[in-house]
2 protein chains.
Amino acid sequence: MGFSTFGRHVVGDFHGVSGEVLNDRKLLREILYEAAKACGATVVAESFAQFEPQGVTGVLVLAESHLSIHTYPEHGFCAIDCYTCGTEVDPQKAYNYLVKRLKPQKAYRRGLERGQGEINDLIIQTELKVVNS
Amino acid sequence: MGFSTFGRHVVGDFHGVSGEVLNDRKLLREILYEAAKACGATVVAESFAQFEPQGVTGVLVLAESHLSIHTYPEHGFCAIDCYTCGTEVDPQKAYNYLVKRLKPQKAYRRGLERGQGEINDLIIQTELKVVNS
């Protein structure tokens, strides 16, 4: 018995985040794990890199696909994406958790429906567009 | 001196790929590294997972962001994404390379422009929609 190929992919661009937070690899790792937990995903592997003079990339490999963050502390910017297969784990919940923890002044989001042929926009009711101003 | 936050994010859903190839972690790792090279990206870390009874996830952390693949051998399906910051590395080249190597019967693609405010669709002239039929 296989799994369906249906998946949801939510990406977010967060502007106006604390540069200190965005350069703190340990804290970002903690936040990513909590975001994975918030959407009910299972982490099976991880990969983190600290860049010089600044910036962190973190990727969690999930049983359901992946959750990533790329940070630009000097710009107060980070890009996140969460792709999950199946219908049980909702990547929007990981996105929402990241918004709460990273407190962007502006958050832009797109969602894509994966694995069903044409990659269409994903309509999500729980969208948070701008939460901290 | 910081970097611009501009980035390009190309995602692809490939249907009709060999199930044998999609369950070969070693081969997929080789193909991902070659795709990273094809777009001029620098690999700084990696994370791979083999799933039971089948399926592979592979993520390369790039100096320029990330390249990932999630496979469903039982459905002949895989989902890929390549996100690269800056203008020098073109994620579409990684996508094109993956199409060439994985030989999907149908390939669906979306591109997103990241780091510039609203996340708009990315228009790419070199798009390959269906290449192996």
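Source: prediction; values computed, not measured.

(A) View of the sheet that holds strand β2 (residues 43-50) of chain A. All names here are of chain A. Here 6 strands make up an open sheet; going across it, the order is β2-β3-β4-β5-β1-β6 and the pairing antiparallel. Edge positions in the sheet fall to β2 and β6 (106-114), since each of these pairs with one other strand and no more. Sheet twist, expressed as the mean angle between neighbouring strand axes with direction ignored, is 10°. Where helix α2 (residues 25-38) meets the sheet, its contacts fall on β2, β3 (56-62) and β4 (65-72), and the angle it forms with β2 comes to roughly 155°. Sheet strands in contact with helix α3 (residues 91-102) are β1 (7-15), β4, β5 (77-85) and β6, and its direction is about 15° off that of β1.

(B) Region of the structure containing the sheet that holds strand β5 (residues 77-85) of chain B. All names here are of chain B. Here 6 strands make up an open sheet; going across it, the order is β2-β3-β4-β5-β1-β6 and the pairing antiparallel. Looking at strand neighbours, the two that pair on one side only are β2 (43-50) and β6 (106-114), the edges of this open sheet. Going across the sheet, the axis of each strand differs from the next one's by a mean of 10°, ignoring polarity. In this sheet, strand β4 (residues 65-72) lies alongside strand β3 (residues 56-62) in antiparallel orientation, the contact comprising 6 bridges. Considered in β4, the bridge of V61 is made with H66. In the packing of helix α2 (residues 25-38) onto the sheet, the strands contacted are β2, β3 and β4, and the crossing angle to β2 comes to about 155°. Seen against the sheet, helix α3 (residues 91-102) touches β1 (7-15), β4, β5 and β6 and runs at an angle of roughly 15° to β1.

Conventions used here
Residues numbered from 1 in each chain as written. Chains lettered and ligands numbered in written order. Predicted model: local features only at pLDDT ≥ 70, side-chain atom pairs only at ≥ 80, totals over all residues. Heavy atoms only, no water. Pairing = 2+ DSSP bridges. Helix = DSSP H or I, 4+ residues; strand = E, 2+ residues; numbered from the N terminus. Axes fitted to C-alpha atoms, helices over the stretch in contact; angles between N-to-C directions. Contact = heavy atoms within 4.5 Å.

Function cannot be inferred from these measures alone, as they are strictly geometric.
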